[in-house]
Amino acid sequence: MGVNNIPISNALKKVTEKHVKDLCTKKKTSVIKGMKPKAKQEKPFDASLVLKDDGSIGFEFAKNNC
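Now for a quick tour of the structure. Being a predicted model, the structure only gives us computed values, none of them experimental.

### Details of the pairing of strand 5 (residues 57–61)
Strand direction decides the pairing type here: strand 4 (residues 45–51) and strand 5, joined by five bridges, are antiparallel. Paired with V50 across the bridge in strand 5 is G58. Here strand 4 hands over to strand 5 after five residues, with G55 in that stretch at a positive phi of 90°.

So, in structure tokens, the structure goes:
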């Protein structure tokens, strides 16, 4: 399968097969570093992807990004 670009809210990041598997089975990925916001003036951030009950994907931000 390789890596995929998954558009999430206002960010884009290549994720691995393991990230996709974890998202589907555990409803959360490990922290993905360097997520790039679509807005070019924003800085990259670190966050886990979370599968919400309604099927949408959200972020759980790393503690050092507060």
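### Section: the packing of aromatic side chains
Per the stated rule, a full pass over the model turns up three aromatic pairs. With a centroid separation of 5.3 Å and 90° between ring planes, the pair formed by F45 and F59 is classed as edge-to-face. Here F45, found in strand 4, pairs with F59, found in strand 5; they are 14 residues apart in sequence, far enough to count as distant. Judged by relative accessible area, F59 falls into the partly exposed class, the value being 23%. Seen in terms of ring centroids, F59 and F61 are 5.6 Å apart; in terms of plane orientation they differ by 40°. Their pairing is tilted. Pairwise contacts between aromatic rings join F45, F59 and F61 into one cluster.

### A look at the nonpolar core
One finds V15, L23, I32, M35, F45, A47 and L49 forming the largest nonpolar core, which totals seven residues. Looking at this core, the elements that each hand over two or more residues are strand 3 (32–37) and strand 4. The element that contributes the greatest number of residues to this core is strand 4, accounting for three residues.

### Comments concerning the environment of A47
Along the chain, the position of A47 falls in strand 4. Among the residues examined, A47 registers a relative accessible area of 0% and is labelled buried. Residues A47 and F59, spaced 12 residues apart in sequence, show a C-alpha to C-alpha distance of 6.0 Å.

What counts, and where the lines are drawn
- Residues numbered from 1 in each chain as written.
- Predicted model: local features only at pLDDT ≥ 70, side-chain atom pairs only at ≥ 80, totals over all residues.
- Heavy atoms only, no water.
- Pairing = 2+ DSSP bridges.
- Helix = DSSP H or I, 4+ residues; strand = E, 2+ residues; numbered from the N terminus.
- Phe/Tyr/Trp six-rings, centres within 6.5 Å; stacked < 30°, edge-to-face > 60°.
- Buried < 20%, exposed > 50% of the residue type's maximum accessible area, 1.4 Å probe, protein only.
- Core = buried A, V, L, I, M, F, W, Y, C linked by side-chain atoms within 4.5 Å.

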